[in-house]
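# Remarks on the overall topology
Residues per chain are reported as follows:
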Amino acid sequence: MTPQKSRPGAGTAYDNARSNDTPIDAVLHRLDRVKRTAPDKWIACCPAHDDKRPSLSIREADDHRVLLKCWSGCGAAEIVGALNLDMADLFPGDRRSLSGHGTGPMRRPFDYRDALQGIAHEATVARLIVEAVNRGEAMDAESLDRLALAEERIDDALRAAGGVQ
Ligand SMILES: [Zn+2]
């Protein structure tokens, strides 16, 4: 008769995963200039190219998989290789045997979700720069360049979507 607030089944898998080095920990430990931007999201400098600015988005999915995306175009395999990890390290232990995800031959000419995530990444970078300025840090040339790059990337996304008339 006691009211139960906890969701049935929630907790155990999560707690077990947390007791070990989770994929997200393994990845974040190896990256430079990591900034958390949401409970399950970070940005960092991409290890796979000469990245002085944070081009890499990192996200932890609900199932503890780590999703990596370099907005300069590096592939997940290159990023993982640069971290001395392999693709299996992006998956929690019980999913390590995943091989060849069958995405099939379907090709989309333009991935709107991908483009919007890129724009969200650029907005996050812009926010972090504004926050730094707000704290009294000087707006340096690198930050100005980074803002210009954000504008450029959003513009590219718009163009790729066929939105420029
Ligand atoms: Zn990269």
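The structure presented is a predicted model; accordingly, all values stated were derived computationally and were not measured. (Residues numbered from 1 in each chain as written. Predicted model: local features only at pLDDT ≥ 70, side-chain atom pairs only at ≥ 80, totals over all residues. Heavy atoms only, no water.)

## Concerning the pattern of salt bridges
By the definition in use, this model includes 10 salt bridges. Linking Arg53 and Asp145 is a salt bridge whose minimum nitrogen-to-oxygen distance equals 3.4 Å. Here Asp145 lies in helix α5 (residues 141-160) and Arg53 lies in the loop between β2 (41-45) and β3 (56-60), a separation of 92 residues in the sequence. Residue Arg53 is classed as partly exposed on the basis of its relative accessible area, which comes to 25%. With relative accessibility at 41%, the residue Asp145 sits in the partly exposed group. Close ionic contact of Arg135 with Glu137 constitutes a salt bridge, the shortest N to O distance being 3.1 Å. Taken together, the salt bridges that share partners define one network made up of Glu122, Arg146 and Arg153. (Salt bridge = Lys/Arg side-chain N within 4 Å of Asp/Glu carboxyl O. Helix = DSSP H or I, 4+ residues; strand = E, 2+ residues; numbered from the N terminus. Buried < 20%, exposed > 50% of the residue type's maximum accessible area, 1.4 Å probe, protein only.)

## Considering the sheet that holds strand β1 (residues 32-38)
Taken in spatial order, the four strands line up as β1-β2-β3-β4 in an open sheet, and their pairing is antiparallel. With partners counted over all chains shown, the strands left at the sheet margins are β1 and β4 (66-70), one partner each. Taking each pair of neighbouring strands and ignoring which way they run, the sheet shows an average axis angle of 20 degrees. The pairing of β1 with β2 spans four bridges and is antiparallel. Counterpart to Asp32 in the pairing with β2 is Cys45. Those strands touched by helix α2 (residues 23-30) are β1, β2, β3 and β4, and its axis lies near 35 degrees from that of β4. (Pairing = 2+ DSSP bridges. Axes fitted to C-alpha atoms, helices over the stretch in contact; angles between N-to-C directions. Contact = heavy atoms within 4.5 Å.)

## Focus: helix α4 (residues 112-134)
The terminal C-alpha atoms of α4 lie 32 Å apart, and with 23 residues this matches the ideal 33 Å at 1.5 Å per residue to within 8%. On its buried face, α4 is in contact with β1, β2, β3 and α5. (Expected span 1.5 Å × (residues − 1).)

## Description of a nonpolar patch on the surface
Together, Val133, Met139 and Leu144 line one region of the surface with nonpolar side chains, adding up to about 250 Å² of accessible area. Relative to the helices and strands, Met139 is located in the loop between α4 and α5. Take Met139: its relative accessible area is 38%, and that puts it in the partly exposed class. (Patch = residues over 30% accessible without salt bridge, like charges linked within 9 Å, V, L, I, M, F, W, Y side chains within 5 Å. Areas by Shrake-Rupley, 256 points an atom, 1.4 Å probe, with all protein chains shown as cover.)

## Examining the side chain of Ser55
Here Ser55 is to be found in the loop between β2 and β3. A residue is classified by how much of its surface remains accessible, and Ser55, at 2% relative accessible area, is buried. Ignoring any residue separated from it by four or fewer positions in sequence, one finds Ser55 in contact with Ala44, His49, Lys69, Cys70, Trp71, Ser72, His121 and Arg153.

## Focus: the pairing of β2
Buried residues dominate β2, accounting for four of its five residues. Across four bridges, the pairing between β2 and β3 is antiparallel. Within β3, the residue paired with Ala44 across the bridge is Leu56.

## A few points about the nonpolar core
By size, the foremost hydrophobic cluster in this structure holds 19 residues, and its most contacted members are Val27, Leu31, Leu56, Ile58, Leu68 and Ile79. Sorting the residues of this core by element identifies α2, β2, β3, β4 and α3 (76-82) as the ones contributing at least two each. For Leu31, the residues in contact, after removing those within four places along its chain, are Ala44, Cys45, Pro47, Leu56, Ile58 and Leu83. (Core = buried A, V, L, I, M, F, W, Y, C linked by side-chain atoms within 4.5 Å.)

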